[in-house]
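Inside the fold
Letter by letter, the chains look like this.
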Amino acid sequence: MDDAFKLNLVQRPRRLRRTASLRAMVEETVLRPADFIAPLFVVEGDAAPEEINSMPGVFRFGLADLVKECREIQAAGVPAVALFPKLDPKLKDDEGSLALDENALVLRAVRAVKAAVPELTILTDVALDPYTSHGHDGVLTAERDDVDNDRTVGILARMAVLQARAGVDVVAPSDMMDGRVGAIRAALDAAGFAGKAIMAYSAKFNSGYYGPFREAVGSAQAAGTRLLSKATYQLNPANRREAIQEALLDEGEGADMIMVKPAGLYLDIIRDVRERTQKPVAAYQISGEYAQIQAAARLGWLDLARCRHESLLAIKRAGADMILTYFAKEMAKALRGA
Ligand code: PBG
């Protein structure tokens, strides 16, 4: 009875899924190594690279190993790295003073990488969280009940100039203070760095998935502060219109690229932003997204290579032109069949 069942269909979408070559012909989204930016953690000293507990396969590098890693990343076809310093807690203070030190670790890292791998694009975060003893992205008010927006922006603008002077190609404000993109643009221009670009962490949500990153750079304190949480500056994960507004404000203030972060849980926001700006859109597949896939793969519950690829493909399909991802090097190698 069932054997004889026939549908009289004009449309049979499965026709184009029949063979591998047909499937390749109709493939709409393709990942390439140049889509990725590799975030890298840097520490003082020349100890062997130290793996981050909650991020298997991700290390904190001393300067020499950092340079080596950057060479490999470049050779894999990945065009850019984003450098994040992890400081000795003893060097942190309330004001994040070390952020304005010309010899700060991240600036030395920038100079070393630029000298060794000049073709590689370097991004650095503009935010105070690696430097403050309280872990917030800015300095606090006298009452210590808020992050002082305007005073923080003044510091960030100076920080961005130091980074530009060290040779960074793109500064990436990740602090979510109001008005910081405009202030950074003005400071860069005034210092003779009109050619340096700004990638704004525009739609940065107050996410629980930053946990492993905060372990990596030792900035977890602020997450645990009940009186003053990052919710006073990062976006509420419930808010879509507010995210779009942030993106448009940053574009108006001079952002060259607009970032959405996290990525995988915010594909709708990536799409929203993509449809409203002509600027390149970046998305940050953050530490917790990486950790989830790695953890499930380690338990044998997910296939690492497939899920890595699918997670990144989804972010690109949603509209991201580039993706910051801890999978960058391995993914690029896999795409090249290495
Ligand atoms: C901080 C910053 C964070 C990340 C990049 N820059 C985390 C935070 O706001 O605490 C997170 C990246 C990740 O989780 O991978 N300015």
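Residues numbered from 1 in each chain as written. Predicted model: local features only at pLDDT ≥ 70, side-chain atom pairs only at ≥ 80, totals over all residues.

The chain is annotated in an unreviewed UniProt entry as Delta-aminolevulinic acid dehydratase of Horticoccus luteus. We quote the UniProt Sequence similarities (unreviewed entry) comment for the chain here in full: "Belongs to the ALAD family." (UniProt positions renumbered as here; feature names shortened; annotations may be inferred.)

Looking at the UniProt feature "binding site: Mg(2+)" (unreviewed entry) in the chain
The feature "binding site: Mg(2+)" (unreviewed entry), as given by UniProt, occupies Glu246 in the numbering adopted here. Accessibility expressed as a C-beta count within 10 Å gives 23 for Glu246, which makes it buried. Here Glu246 is in contact with Ser202, Ala203 and Leu235, once residues within four sequence places are set aside. (Buried ≥ 20, exposed ≤ 12 C-beta atoms within 10 Å, placed from the backbone. Contact = placed C-beta atoms within 7 Å.)

Notes on the site of the ligand
In the vicinity of the ligand, the contacting residues are Asp125, Ala127, Asp129, Asp137, Ser174, Asp175, Tyr210, Phe213, Arg214, Ser219, Ile286 and Ser287. Considered class by class, the residues forming the shell around the ligand number four nonpolar, three polar and five charged. (Near = placed C-beta within 6 Å. Nonpolar A, V, L, I, M, F, W, Y, C, P; charged D, E, K, R; others polar.)

Observations concerning the environment of Glu27
Along the chain, the position of Glu27 falls in the loop between helix 1 (20-25) and strand 1 (36-42). Along the chain, Glu27 and Pro39 lie 12 residues apart, while their C-alpha atoms are 29 Å from each other. (Helix = DSSP H or I, 4+ residues; strand = E, 2+ residues; numbered from the N terminus.)

Notes on the environment of Ala166
Along the polypeptide, Ala166 turns up in helix 4 (residues 149-166). Sequence-distant contacts of Ala166, defined by excluding residues within four places in its chain, comprise Leu107, Val110 and Arg111.

Focus: helix 8 (residues 267-276)
Those residues of helix 8 lying buried are Ile269, Ile270, Asp272, Val273 and Arg274. For helix 8, the secondary structure elements touched by its buried residues are strand 7 (197-204), helix 7 (241-253), strand 8 (257-261), strand 9 (281-285) and helix 10 (304-318).

Observations concerning the nonpolar core
In this structure, Ala160, Ile184, Ile270 and Ala283 are the most contacted members of the largest nonpolar core, which totals 107 residues. Broken down by element, the residue count for this core peaks at 10 residues, all from helix 4. Setting aside its immediate chain neighbours within four residues, Ile270 contacts Val260, Ala263, Val281, Ala283, Ile315, Ala318, Gly319 and Ala320. (Core = buried A, V, L, I, M, F, W, Y, C linked by C-beta atoms within 7 Å.)

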